[in-house]
There are 2 protein chains.
Amino acid sequence: MEKSLALFTDLYEVTMAQAYFKTGNVKATFELFVRRLPPNRGYLVAAGLEDVCNYLLNFRFEKDDLEFLEEKGFEKDFLKFLSRIRFTGDMWALPEGELVFQNEPIIRVTAPIIEAQFLETFMINTVNFQTLIATKAARIVGAAKGRQVVDFGSRRAHGVDAGIKAARASYIGGCVGTSNVLAGKKYGIPVYGTMAHSYVEAFPSEKEAFKAWLKTWGTDTVLLVDTYDTLRGVRNAIEAVEELTGKKELKGIRMDSGDMLSLSKEARRILDEAGFNSTKIFVSSGLDEYVIEDYLNKGAQIDVFGVGSSLVTSDDAPKTDMVYKLVESEENGMLVPRMKIAEGEKATLPGAKQVYRVEENGRYVRDMVGLCDENLEGEGKLVQIFKNGRLVYRLPKLEEIREKARMELEKLPEEYKRIRSPEAYPVQVSERIMDLGRQLVKRLLSVKQG
Amino acid sequence: MEKSLALFTDLYEVTMAQAYFKTGNVKATFELFVRRLPPNRGYLVAAGLEDVCNYLLNFRFEKDDLEFLEEKGFEKDFLKFLSRIRFTGDMWALPEGELVFQNEPIIRVTAPIIEAQFLETFMINTVNFQTLIATKAARIVGAAKGRQVVDFGSRRAHGVDAGIKAARASYIGGCVGTSNVLAGKKYGIPVYGTMAHSYVEAFPSEKEAFKAWLKTWGTDTVLLVDTYDTLRGVRNAIEAVEELTGKKELKGIRMDSGDMLSLSKEARRILDEAGFNSTKIFVSSGLDEYVIEDYLNKGAQIDVFGVGSSLVTSDDAPKTDMVYKLVESEENGMLVPRMKIAEGEKATLPGAKQVYRVEENGRYVRDMVGLCDENLEGEGKLVQIFKNGRLVYRLPKLEEIREKARMELEKLPEEYKRIRSPEAYPVQVSERIMDLGRQLVKRLLSVKQG
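From a predicted model like this one, the values you see are computed outputs, not experimental measurements. (Residues numbered from 1 in each chain as written. Chains lettered and ligands numbered in written order. Predicted model: local features only at pLDDT ≥ 70, side-chain atom pairs only at ≥ 80, totals over all residues.)

Focus: the overall build of chain A
Consideration 1: When helices and strands are counted, chain A shows 16 helices and 19 strands.
Consideration 2: With the C-alpha coordinates of chain A rotated into their principal frame, the extents come out at 85 × 55 × 35 Å.
Consideration 3: Within chain A, the fraction of its 450 residues that count as buried is 54%.
Consideration 4: Expressed as a percentage of contacts within chain A between residues at least 6 apart in sequence, the contacts between residues at least 24 apart total 72%. (Helix = DSSP H or I, 4+ residues; strand = E, 2+ residues; numbered from the N terminus. Buried ≥ 20, exposed ≤ 12 C-beta atoms within 10 Å, placed from the backbone. Contact = placed C-beta atoms within 7 Å.)

In structure tokens:
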């Protein structure tokens, strides 16, 4: 059994739980969604559900968790209740690899309110981050127009967990692999990598370093050519291979500094003239979707992009406004719609919802957010994951998720996939939800604040 | 014993290790540093060393790690070597809470090159992230000018590990606590938090929700007043307290939406008029150092800031260019200076270095980066952490680290602490290093590429 992460929660979830413990652990429904897509995003690629499922399956408080909460002043009868708590509710969710737009529920949980509320911190943490990175990967892979993209970001991810999860999310978003060995082991993702500059520097000359390397690894390898002077490095790589093997075979060269646009063109010319036509040019350092688009527009001769910091931090949009909000709760034995109506953009839509996606001629044209029990046009995208605390969903293999993301992105028209100022994909809200909202606003402002 | 994270590494570290295993596991020195400070940063607050020490103490490859590497094609004699590898080297580092500037070594490792090289991915991952967040926290705390700042960011941190580590780094940077319960348990950081909007919504009216809460928690609590209409929420909070207790006592109210500037002023007026003069105003949502500075310049009446997403992602600078570079390696039994001289900013300074910080009248005035054996003016900031694989450093308590950061920041003149366009703190490089660099460039370009 994995360790429970129940205590990875904001304190207010626990203080609210104790208050609900006294006033009534009524049934409630919460929904996870983003209010707006981050800047320059026309879509999001959902990711993180597998970890959420594992979290729910292992959800419990350990003895030392409860001791800590007792130190913090929580009451004994409440802690006794917590010692037995497990997730007993229902969960519906958008599978990993599906597309998400603004105001669409990604996960919907119905459970006794103490359980449902407790999930908030972990669930946002996990889905927010993994969705950001799967999305960033999809953007970068899109900009690379068929060339390969590898996750090189472990060192700049926000911690160890982030490095591993970013490798998985990047793979979902279309990367061909990762440099991270632990992620490769854990998820079966292809791992990539050869040498650093320090390897070359540790030898008396660059060519000696290359020869030592080729003796160990053969020519199905990638030589790093920019430790001293990139184009002389390319020639040294060619000479090292020829002198050692007499053949014109080398998997690739990698450049990690300098003006990649002109250097890649020169390197291609040098390789081709020497008969190394099948040798690929790998580039890393400072890449993101904007730089890659620009390089390719200008005719850069690059076959494989190693993308690091900007991929694993989603650096142009390192956060979303993802929230987990109450949409109904029990009153006199019935689930009644709820909403938050505070000023500005933070108002929420009431009621338990489903997302209906409408396809025409193999292309997505619009989504409708409706109530669960509405019969609307399009495919209902949320599927049941947990029923009465039991996992009723087969967690797909990582390869299936990656293929799902690829196919879904193919169905999304280009105007929503532009990496700069994409069009806003149409997400409509059903008349029944709008009516419900108007009724509630009226009732809340007159009664609730009285 | 904690689990080893040796496999949290980029594949190239392992491929290089196998190559060094064959060509010679010579001694080498690597240094961790940032080339440039991120945008708007005039300093960094070092953090992450404790995790690096634990990583080194537990550094080993498990049986299943080695099996995975065998599947990936690594050779049996190399894997047998890896099965016994431990960290046996020396490490010098800047203690947590110290200030760092561009091109200054934060950590220096001297060890057999296979060991020293392996640390790269984990070390950058850990120090980069925690330093970014400690720095962001220091900026935000500085902007709050004596008012309290609490880390509310767990849900938007990049994964679980990031949430916990961000809470610790934020505390080092000057936050008074965190909302994250697990971080509170693990590190003894004060935990903060009361209620969410869902709690208020789950009751028939706001005042009923407040009363139910006060019955459980008493008046030493913070009521969230913006679920429906903020200023009516403030009045409901006052009435709920008065009706239940007959007193004018409440620890605080919290606002999480709307125009905080005008709402905080109005809320203060309402509270004071009702005799709740000691009730504090907590504000959360959308805060960072820029917003806080602006609010306070305009006279906002805010006592405590809860800062989330922007703190734990360092959203205006979610990455640094931190690297770990070879600076010397063994040749004929001697450690010889090494450097990378590739085009542009990626060149490195050769030789094993120390940072000398010069203080005048209790203020830092400049740093000098010199060789370890130079006798330069100022305090040598790197201290020895490991000697022949043994931890020879007493890891300070978190409170000590936090106090260290506070005192160091106090010594740094204001012009380097501005949150926008700070002056560049003077970091000079010793003549001996510059000479060494010139000699090496000459030698490398003539010989190495031959």
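Side note on the sheet that holds strand S12 (residues 323-331) of chain B
All names here are of chain B.
Consideration 1: If you trace the 7 strands from one edge of the open sheet to the other, you get S13-S12-S1-S5-S3-S17-S18, paired in antiparallel fashion. Pairing within the sheet leaves two strands with one partner each, and these edge strands are strand S13 (334-337) and strand S18 (390-391).
Consideration 2: Relative to strand S5 (residues 107-112), strand S3 (residues 90-93) runs antiparallel, the two sharing 4 bridges. Note on S5: the bridge partner recorded for Trp92 is Arg108. (Pairing = 2+ DSSP bridges.)

Notes on the relation of the copies chain A and chain B
Two chain copies here: they are related by a rotation about an axis and a translation along the same axis.
Consideration 1: Mapping chain A onto chain B is achieved by rotating through 180° and translating by 0.0 Å along the same axis, at an RMSD of 0.0 Å. Both copies are brought into coincidence by an operation consistent with a two-fold rotation axis.
Consideration 2: Of the residues that chain A buries at the interface, 100% are likewise interface residues in chain B, meaning the two copies contact each other through the same surface. (Least-squares fit on C-alpha atoms with pLDDT ≥ 70 in both.)

Some points on the domain arrangement of chain A
Often, the extent of an interface is quoted as the loss of accessible area upon association of its parts.
Residues and elements named next belong to chain A.
Consideration 1: If you check the domain split of chain A, you get domain 1 (11-133 + 320-448) and domain 2 (141-313).
Consideration 2: Elements with a minimum of two residues in the side of domain 1 that touches domain 2: helix H6 (120-143) and helix H15 (398-411).
Consideration 3: The biggest single contributor to the side of domain 1 that touches domain 2 is H15, with 5 residues.
Consideration 4: Counted by class, the side of domain 1 that touches domain 2 contains 8 nonpolar, 2 polar and 4 charged residues. (Domains from an automatic or database assignment. Nonpolar A, V, L, I, M, F, W, Y, C, P; charged D, E, K, R; others polar.)

A short note on the packing of helix H7 (residues 160-172) of chain A against H15(A)
All names here are of chain A.
Consideration 1: Axis separation between H7 and H15 bottoms out at 8 Å; the angle between their running directions is 50°. Here H15 runs oblique to H7, going by the angle between their axes. In this structure, H7 uses Arg168, Tyr171 and Ile172 to contact H15, whose residues at the interface are Leu398, Ile401, Arg402 and Ala405.
Consideration 2: Each residue belonging to the contact of H7 with H15 can be placed in one class, and the counts come to 5 nonpolar, no polar and 2 charged. (Axes fitted to C-alpha atoms, helices over the stretch in contact; angles between N-to-C directions. Parallel < 35°, antiparallel > 145°, perpendicular 65-115°, else oblique.)

Focus: the sheet that holds strand S7 (residues 177-178) of chain B
Residues and elements named next belong to chain B.
Consideration 1: Judged by pairing direction, the sheet is parallel, and its 6 strands sit side by side in the order S7-S6-S11-S10-S9-S8 without closing on themselves. Two strands close off the open sheet at either side, each with one partner strand: S7 and strand S8 (222-224).
Consideration 2: Sheet analysis places strand S10 (residues 280-284) next to strand S11 (residues 304-307), joined by 3 bridges and oriented parallel. Pairing of Phe282 across the sheet is with Val304, part of S11.

Observations concerning the packing of helix H10 (residues 206-217) of chain A against helix H1 (residues 11-23) of chain B
Consideration 1: Contact geometry of H10(A) with H1(B) gives a least axis separation of 10 Å together with a crossing angle of 100°. As far as their axial angle goes, H1(B) and H10(A) are roughly perpendicular. For the pair H10(A) and H1(B), contact is made by A:Ala212, A:Trp213, A:Thr216 and A:Trp217 and by B:Thr15, B:Gln18, B:Ala19, B:Lys22 and B:Thr23, respectively.
Consideration 2: Grouping the constituent residues of the contact of H10(A) with H1(B) by class yields 4 nonpolar, 4 polar and 1 charged.

A closer look at the nonpolar core
As a rule of thumb, soluble globular proteins bury nonpolar side chains together.
Consideration 1: Of all hydrophobic cores here, the largest spans 277 residues; its most connected members are A:Ala237, A:Ile253, B:Ala237 and B:Ile253.
Consideration 2: With sequence-adjacent residues up to four places away left out, B:Ile253 is seen in contact with B:Val222, B:Leu223, B:Val225, B:Val234, B:Ala237, B:Ala267, B:Thr279, B:Ile281 and B:Phe282. (Core = buried A, V, L, I, M, F, W, Y, C linked by C-beta atoms within 7 Å.)

Here we look at the pairing of strand S10 (residues 280-284) of chain A
Residues and elements named next belong to chain A.
Consideration 1: Burial within S10 is extensive, with 4 of its 5 residues counted as buried.
Consideration 2: Examined bridge by bridge, strand S9 (residues 252-255) and S10 share 4 bridges and lie parallel to one another. Residue pairing for S10: Gly252 is matched across the bridge by Lys280.
Consideration 3: Once the chain exits S9 it traverses helix H12 (residues 260-273) before rejoining the sheet at S10, and the crossover so formed is right-handed.
Consideration 4: A crossover connection joins S10 to the parallel strand S11 (residues 304-307) through helix H13 (residues 289-297); in handedness this β-α-β unit is right-handed. (Right-handed = clockwise from strand over helix to strand, strands pointing away.)

Some points on the interface of chain A and chain B
Consideration 1: The partner chain B presents 87 residues to the 87 residues of chain A that form the contact.
Consideration 2: The biggest single contributor to the side of chain A that touches chain B is helix H1 (residues 11-23) of chain A, with 9 residues.
Consideration 3: Considered class by class, the residues forming the side of chain A that touches chain B number 36 nonpolar, 30 polar and 21 charged.

Regarding unusual backbone geometry
Keep in mind that most residues, glycine aside, have a negative phi and that most peptide bonds are trans.
All names here are of chain B.
Consideration 1: Here Asn361, not a glycine, exhibits a phi torsion of approximately 50°, which is positive.
Consideration 2: Its identity as a non-glycine residue notwithstanding, Ser421 has a phi of 40°, on the positive side.
Consideration 3: Within the fold, Ser421 resides in the loop between helix H15 (398-411) and strand S19 (427-429).

Some remarks on H7(A)
Residues and elements named next belong to chain A.
Consideration 1: Over its 13 residues, H7 extends 19 Å from the first C-alpha to the last, a length consistent with the 18 Å expected when each residue adds 1.5 Å.
Consideration 2: Most of H7 sits inside the fold, with 13 of its 13 residues counted as buried.
Consideration 3: Of the residues one or two after H7, Gly174 is the one with positive phi, at around 120°. (Expected span 1.5 Å × (residues − 1).)

Looking at the pairing of strand S17 (residues 383-387) of chain A
Looking along a regular strand, one sees side chains alternate from face to face of the sheet.
Residue and element names in this part refer to chain A.
Consideration 1: Here strand S3 (residues 90-93) runs beside S17; their pairing, made up of 3 bridges, is antiparallel. Residue pairing in the sheet places Ala93 in a bridge with Val383 of S17.
Consideration 2: Count of turn residues in the S17/strand S18 (residues 390-391) antiparallel hairpin: 2 residues, of which Asn388 carries a positive phi of about 45°.

As for the environment of B:Trp213
All names here are of chain B.
Consideration 1: Examined against the element boundaries, Trp213 turns out to sit in helix H10 (residues 206-217).
Consideration 2: For Trp213, a count of 26 C-beta atoms within 10 Å corresponds to the buried category.
Consideration 3: Counting along the chain gives 141 residues from Trp213 to Gln354, while the straight-line C-alpha distance between them is 56 Å.

Some details on the environment of A:Gly275
All names here are of chain A.
Consideration 1: With respect to the helices and strands, Gly275 occurs in the loop between H12 and S10.
Consideration 2: Accessibility expressed as a C-beta count within 10 Å gives 13 for Gly275, which makes it partly exposed.
Consideration 3: The spatial distance from the C-alpha of Gly275 to the C-alpha of Glu249 is 8.7 Å, given a sequence separation of 26 residues.

Let's talk about H6(A)
Consideration 1: Between its first and last C-alpha atoms H6(A) spans 34 Å; for 24 residues at 1.5 Å apiece the expected length is 34 Å, and the two agree.
Consideration 2: With respect to burial, H6(A) is a largely interior element, 24 of its 24 residues being buried.

Comments concerning the environment of A:Ile106
Residue and element names in this part refer to chain A.
Consideration 1: Structurally, Ile106 can be placed in the loop between strand S4 (99-100) and strand S5 (107-112).
Consideration 2: Here the alpha-carbon distance between Ile106 and Met322, two residues 216 residues apart in the chain, equals 9.9 Å.
Consideration 3: The residues contacting Ile106, other than those within four sequence positions of it, are Leu32, Phe33, Ala46, Ala93, Leu94, Val100 and Val127.

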